[in-house]
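# Structural features, examined
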Number of protein chains: 2
Amino acid sequence: MIKLVAIDVDGTLTDKDRLISTRAIEFIRKAEKKGIIVSLLSGNVIPVVYALKVFIGINGPVFGENGGVMFDNDGSITKFFSNEKTNSFLDEMSKKTSMRSIFTNKWREASTGFDIDGKDVDYVKAEAEKRGLVVFYSGYSWHLMNKGEDKGFAVKILKEKYGLNYEEILVVGDSNNDMPMFELPVFKACPANATDNVKKASDFVSSYSYGEEIGEVFSHFNLL
Amino acid sequence: MIKLVAIDVDGTLTDKDRLISTRAIEFIRKAEKKGIIVSLLSGNVIPVVYALKVFIGINGPVFGENGGVMFDNDGSITKFFSNEKTNSFLDEMSKKTSMRSIFTNKWREASTGFDIDGKDVDYVKAEAEKRGLVVFYSGYSWHLMNKGEDKGFAVKILKEKYGLNYEEILVVGDSNNDMPMFELPVFKACPANATDNVKKASDFVSSYSYGEEIGEVFSHFNLL
Ligand SMILES: [Ca+2]
Ligand SMILES: [Ca+2]
Ligand SMILES: [Ca+2]
Ligand SMILES: [Ca+2]
Ligand SMILES: [Ca+2]
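All of these numbers come straight from a predicted model, not from anything done at the bench.

### What about the coordination of the calcium ion (ligand 2)?
Residues and elements named next belong to chain A. With distances of 2.3 Å, the protein atoms coordinating the calcium ion (ligand 2) are Glu32 (OE) and Gly57 (O). Taken together, the residues span a long stretch of sequence, with Glu32 in helix α1 (residues 22-33) and Gly57 in helix α2 (residues 46-57) at a distance of 25 residues. Classification of Glu32 as buried rests on a relative accessible area of 14%.

### Examining the relation of the copies chain A and chain B
For the pair chain A and chain B, the best superposition has an RMSD of 0.0 Å and corresponds to a rotation of 180 degrees with a translation of 0.0 Å parallel to the axis. The relationship between the two copies is best expressed as a two-fold rotation axis.

### Quick look at the interface of chain A and chain B
A common way to report how large an interface is uses the accessible area buried once the components associate. Listed as interface residues are 30 residues of chain A and, on the opposing side, 30 residues of chain B. Carbon and sulfur atoms make up 70% of the surface buried where chain A meets chain B, a total of about 2,400 Å² over both sides. Where chain A packs against chain B, one counts two salt bridges. Between Glu109 of chain A and Lys106 of chain B there is a salt bridge, with its nearest N and O atoms 3.1 Å apart. Summed over the shared surface of chain A and chain B, the result is eight residue pairs in polar contact (both at pLDDT 80 or more).

### Brief notes about empty space enclosed by the protein
Applying the stated criterion across every chain, the model contains one cavity of 30 Å³ or more. Put simply, the largest cavity is a space of about 110 Å³. Residue assignment for the lining of the largest cavity shows that the elements contributing at least two residues are α2 of chain A together with α2 (46-57) of chain B. Along the lines of polarity and charge, the residues of the lining of the largest cavity split into twelve nonpolar, no polar and no charged.

### What to know about unusual backbone geometry
All names here are of chain A. Of note in this structure, Glu65 is not a glycine but carries a positive phi near 50 degrees. For Glu65, the location among the structural elements is in the loop between β3 (62-64) and β4 (69-71). Judged by its relative accessible area of 1%, Glu65 falls in the buried class. A positive phi angle is found at Tyr210, which is not glycine, with a value near 55 degrees. Structurally, Tyr210 can be placed in the loop between β12 (204-205) and α8 (214-220).

### Observations concerning the UniProt feature "binding site: substrate" in chain A
Residue and element names in this part refer to chain A. Annotation from UniProt places "binding site: substrate" at Lys151. One can find Lys151 in helix α5 (residues 151-162). Assessed through its relative accessible area of 0%, Lys151 is described here as buried. Sequence-distant contacts of Lys151, that is, excluding residues within four places in its chain, are made with Asp8, Leu41, Ser42, Asn66, Asn177, Asp178, Pro180 and Met181.

### A closer look at α2 of chain B
Its twelve residues give α2 of chain B an end-to-end C-alpha distance of 16 Å, which sits within 8% of 16 Å, the value for a rise of 1.5 Å per residue. Burial of α2 of chain B is extensive: twelve of the twelve residues sit out of reach of the surface. Those residues of α2 of chain B lying buried are Ile46, Pro47, Val48, Val49, Tyr50, Ala51, Leu52, Lys53, Val54, Phe55, Ile56 and Gly57 of chain B. Buried residues in α2 of chain B make contact with α2 of chain A together with α1 (22-33), β2 (37-41), β3 (62-64), β4 (69-71) and β5 (77-79) of chain B.

### A short note on the UniProt feature "binding site: Mg(2+)" in chain A
All names here are of chain A. Those residues carrying the UniProt feature "binding site: Mg(2+)" are Asp8, Asp10, Asp174 and Asp178 in this numbering. With the annotated positions falling across 171 residues, the maximum pairwise C-alpha distance of 10.9 Å places them together in a single cluster. Checked against the element boundaries, Asp174 lands in the loop between β10 (169-172) and α6 (179-182). The contacts of Asp174, once residues within four sequence positions are left out, are Asp8, Asp10, Gly11, Thr12, Pro191, Asn193, Ala194, Thr195 and Val198. Polar side-chain contacts of Asp174 include one of 3.2 Å to the side chain of Thr12. Classification of Asp178 by relative accessible area gives buried; the value is 0%.

### Quick word on α1 of chain A
Counted at 1.5 Å a residue, the expected span for α1 of chain A with its twelve residues is 16 Å, and the 17 Å between its end C-alpha atoms agrees. When we look at burial in α1 of chain A, the residues that qualify are Thr22, Ala24, Ile25, Ile28, Arg29, Ala31 and Glu32 of chain A. Close packing links the buried residues of α1 of chain A with β1 (4-7), β2 (37-41), α2 and α8 of chain A together with α1 of chain B. Where α1 of chain A begins, one side-chain oxygen reaches toward the backbone nitrogen of Arg23 of chain A, 3.3 Å away; that side chain belongs to Ser21 of chain A. Two residues or fewer after α1 of chain A comes Gly35 of chain A, characterised by a positive phi angle close to 100 degrees.

### Let's talk about the pairing of strand β7 (residues 112-115) of chain B
Judged from the two bridges that link them, strand β6 (residues 100-101) of chain B and β7 of chain B form a sheet pairing that is antiparallel. Directly across from Ser101 of chain B, in β7 of chain B, lies its bridge partner Phe114 of chain B.

### Describing the environment of Ser175 of chain B
All names here are of chain B. Along the chain, Ser175 turns up in the loop between β10 (169-172) and α6 (179-182). Judged by its relative accessible area of 9%, Ser175 falls in the buried class. Distance from Ser175 to Asn146, taken between C-alpha atoms, is 19 Å for residues 29 residues apart in sequence. A distance of 3.4 Å separates a polar side-chain atom of Ser175 from the backbone oxygen of Ser138.

### So, the domain arrangement of chain A
All names here are of chain A. Taken as a whole, chain A is organised into domain 1 (4-79 + 150-220) and domain 2 (84-146). Between domain 1 and domain 2, the residue contacts involve 17 residues of the former and eleven residues of the latter. A combined buried area of about 1,100 Å² lies between domain 1 and domain 2, and 59% of that area is made up of carbon and sulfur atoms. Applying the counting criterion to the domain 1 and domain 2 interface returns zero salt bridges. Of all the secondary-structure elements, those providing two or more residues to the side of domain 1 that touches domain 2 are α2 and β5 (77-79). Tallied by class, the residues present in the side of domain 1 that touches domain 2 amount to five nonpolar, seven polar and five charged.

Reading the values: the criteria
- Residues numbered from 1 in each chain as written.
- Chains lettered and ligands numbered in written order.
- Predicted model: local features only at pLDDT ≥ 70, side-chain atom pairs only at ≥ 80, totals over all residues.
- Heavy atoms only, no water.
- Donors = N, O, S within 2.8 Å, 3.2 Å for Na, K, Ca; no water.
- Helix = DSSP H or I, 4+ residues; strand = E, 2+ residues; numbered from the N terminus.
- Buried < 20%, exposed > 50% of the residue type's maximum accessible area, 1.4 Å probe, protein only.
- Least-squares fit on C-alpha atoms with pLDDT ≥ 70 in both.
- Contact = heavy atoms within 4.5 Å.
- Buried area = accessible area lost by both parts, 1.4 Å probe.
- Salt bridge = Lys/Arg side-chain N within 4 Å of Asp/Glu carboxyl O.
- Polar contact = N/O pair within 3.5 Å; in protein donor to acceptor, adjacent residues only side chain to side chain.
- 1 Å grid on protein atoms, 1.4 Å probe; cavity = no way out; pocket = protein on both sides within 12 Å on 5 of 7 lines; lining within 4 Å.
- Points joined across faces, edges and corners; volume = space filled by probe spheres on them.
- Nonpolar A, V, L, I, M, F, W, Y, C, P; charged D, E, K, R; others polar.
- UniProt positions renumbered as here; feature names shortened; annotations may be inferred.
- Expected span 1.5 Å × (residues − 1).
- Pairing = 2+ DSSP bridges.
- Domains from an automatic or database assignment.

So, in structure tokens, the structure goes:
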């Protein structure tokens, strides 16, 4: 049985305009009252996921920067990775390509966010790979990460923290940066708006989108 | 008629556990669809109010640190005050009293948050006043501000930005840090959980609390 649910934020709890589903909030609160541990795993910066934790009332730790930083229940922030190499790479590439910093970097600690014109993507990806860095697009912004820094890493942190088996964990996500979670032997669910590879990897694909699927997903796995 | 609503967050949109009211979110979205401009004015740090703006879908600028910093619709952050003097004061006082820094200060830019034991409050307040600084408790945490740095200042910024008269503005709040808004000749409303002085200053006191009053307040002022 599921004891912990790890949920992506953008596109999984929010819509195309990034508006959070109020129904998703209510179902999360309901599942928590039944004793389910909930965590958020987002590409967002840690103060944003901290705000979501506080205002939604998330009872588990939350992760920002695709798993690179954790905000725990005791108020501590744990940085599992550094943004030193990612920031240096951005500095270098911004001098020769359209790769440029975004304002949320002031709140990033373990990765680097950026904007870039389409023409430079392949070159920058290749250069990043040479340096052991990873480039991907979350569906909302571009991210430069360290190797091994992903949501799968974060789910393993949760598994150890709560002494769980993989089959006691459900992950919910909608896009490519969720695949590292979906590749673990956990239960997997997604909204109707998910990418094809996420749907293919899912145990349950909801007929609802953008956060409105949370109730159906939770019902399917007996969390309500 | 009301064209803009400026709303406090903690205790006005949230409950005692800081959980945001999902009904408040829905009513804010409904009022915005009718063309009402909404702003949030909070003691919280700017990335937290930025998160609220994004996920609720606030159509106006939002203010953190009790009005000292604004996050505008174009993504710019405007610092109207500095945390240089407030940080220096905290450094000094932390050596001789229980006044101590809190973790959200890493995201503060125009003021300083702190914790303190009750026995030291009067002394620290007196010392702050000698240096032209202001100490107050928001109901959630202690704040050290610059003189003139308050939510009334923020409402005036909004008034000028949108070319409004005071009587086209409604403010909603629940506690003492909202009084600088309530002292302006704007319309004023509060939840049932508001402090006595806020209730006394209000044009409308709702019978509901902790965000659940937003629908009744908005109905009363014909915003829905
Ligand atoms: Ca997503
Ligand atoms: Ca909770
Ligand atoms: Ca308040
Ligand atoms: Ca407040
Ligand atoms: Ca909106």
